[in-house]
Amino acid sequence: MTGQPPYLDLPLSRFLGLLAGPDPAPSGGGAAALAVSMGAGLCAMAARLSARQLSADETAHLTTESERLARAAASLIQADADSYQGVLAARRQPRGPDPEARRRQIEAALSDAASAPMQIVELAVPVARIAARLAAACNPNLRGDAITGALLAEAGARAAAVLVAINLATAPGDDRPARAARLVQETAALAAAAQCPPG
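Calculation rules
- Numbering of residues starts from 1 in every chain and runs along the sequence as written.
- Where local features are concerned, this predicted model is filtered to residues with pLDDT of at least 70; where side-chain atom pairs are given and counted, the filter is 80 or more; whole-chain, interface and lining totals use all residues.
- Side-chain figures throughout are based on the complete set of non-hydrogen atoms in the structure, without hydrogens or water.
- Strands are runs of DSSP state E lasting at least 2 residues, helices are runs of H or I lasting at least 4, and numbering of each runs from the N terminus.
- Per-residue accessibility, obtained with a 1.4 Å probe over protein chains only, is compared with the maximum for each type, and a residue is labelled buried under 20%, exposed over 50%, and partly exposed between these values.
- Here a polar contact means two N or O atoms within 3.5 Å. Within protein one must be a hydrogen donor candidate and the other an acceptor candidate, and residues neighboring in sequence count only if both atoms are side-chain atoms.
- In this analysis, two residues are considered to be in contact whenever any of their non-hydrogen atoms come within 4.5 Å of each other.
- Residues form patches when they are more than 30% accessible in relative terms and have no salt bridge. Like charges link within 9 Å. Nonpolar side chains (Val, Leu, Ile, Met, Phe, Trp, Tyr) link within 5 Å.
- Here, Shrake-Rupley sampling with a 1.4 Å probe gives the accessible areas, and only protein chains in the shown set may cover a residue.
- Salt bridge, as used here: a side-chain nitrogen of Lys or Arg that lies within 4 Å of a carboxyl oxygen of Asp or Glu.
- Every angle, taken between N-to-C directions, lies between 0 and 180 degrees, and every axis is a line fitted to C-alpha atoms, over only the stretch in contact when it is a helix.
- For classification purposes, an angle smaller than 35 degrees is called roughly parallel, one larger than 145 roughly antiparallel, one from 65 to 115 roughly perpendicular, and anything else oblique.
- Whether a crossing is left-handed or right-handed is set by the direction in which the near helix is turned from the far one by less than a right angle, anticlockwise for left-handed and clockwise for right-handed.
- Each residue is assigned to one class: nonpolar for Ala, Val, Leu, Ile, Met, Phe, Trp, Tyr, Cys and Pro, charged for Asp, Glu, Lys and Arg, and polar for all the others, Gly among them.

## Thoughts on the side chain of Thr-187
By secondary structure assignment, the location of Thr-187 is in helix H7 (residues 176–194). Of the residues examined, Thr-187 reaches a relative accessible area of 0% and is grouped as buried. A polar contact is formed between the side chain of Thr-187 and the backbone oxygen of Leu-183, at a distance of 2.8 Å. Setting aside anything within four residues of it in sequence, one finds Thr-187 in contact with Ala-124, Val-125, Ala-128, Ala-153, Glu-154 and Ala-157.

Here you go:
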């Protein structure tokens with residue numbers, strides 16, 4: 001289909017590599033939120049179908065929590081798009097006699113726009129944590145799904161953290177870029193743990 005983004009036909013591993021790179025492509029918080037939501041969805045499926053391997057309580061908890069995280073991440077797709085409307089509106093303001101006021105307005109809009117990507121990074125951590133738990137203990141036939149869930153969470157976190165850093169590049173006092181970077185490292189460690197052979 002003409003005009004369709006080429007990444008839609010990429011193998012998952014290539015898509016994750018592009019999403020998690022230093023210059024994410026596809027870019028935007030929507031793609032990062034989608035990756036985290038998909039990862040949580042895979043975790044929900046793996047948990048739901050692992051009743052023989054997990055206790056009833058753990059199965060119910062991991063399934064419910066994964067589904068909650070999937071919904072929360074999916075809701076950020078629109079939230080991210082909406083926040084950038086504020087940035088565009090601020091940039092379109094005519095240059096008046098007070099350029100400093102316009103600059104502050106743009107920086108405030110960029111700060112707001114960093115909120116959704118930051119939330120994406122924060123959601124990726126529990127998704128990766130659940131995925132690592134499932135990779136170690138779920139139905140062996142679904143271990144690959146749990147690992148993929150962890151990798152999606154890591155890729156989404158990395159892409160979203162880049163956006164946090166870009167949006168807050170002119171706000172050196174804001175601690176969100178550093179916090180996002182730490183959470184990315186935590187997500188990466190969990191994704192690595194998910195790939196370790198169980199037992």
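## A closer look at a nonpolar patch on the surface
A cluster of nonpolar side chains, Leu-34, Met-38 and Ile-77, forms an exposed patch at the surface whose accessible area comes to about 240 Å². Its place among the elements puts Leu-34 in helix H2 (residues 29–48). Given the relative accessible area of 42%, Leu-34 is considered partly exposed.

## A look at the packing of helix H5 (residues 115–137) against helix H6 (residues 143–167)
Direction vectors running N to C along H5 and H6 enclose 160°, while the axes themselves pass 8 Å from each other. Here H5 is positioned roughly antiparallel relative to H6, judged by the angle of their axes. Of the two possible hands of crossing, H5 and H6 adopt the one that is left-handed. Partitioned by chemical class, the residues of the contact of H5 with H6 number 19 nonpolar, 3 polar and 1 charged.

## Overview of the environment of Ala-181
Note that Ala-181 resides in helix H7. Here Ala-181 falls in the partly exposed class, since its relative accessible area comes to 39%. When the C-alpha atoms of Ala-181 and Ala-165 are compared, they prove to be 9.0 Å apart, with 16 residues separating the residues in sequence.

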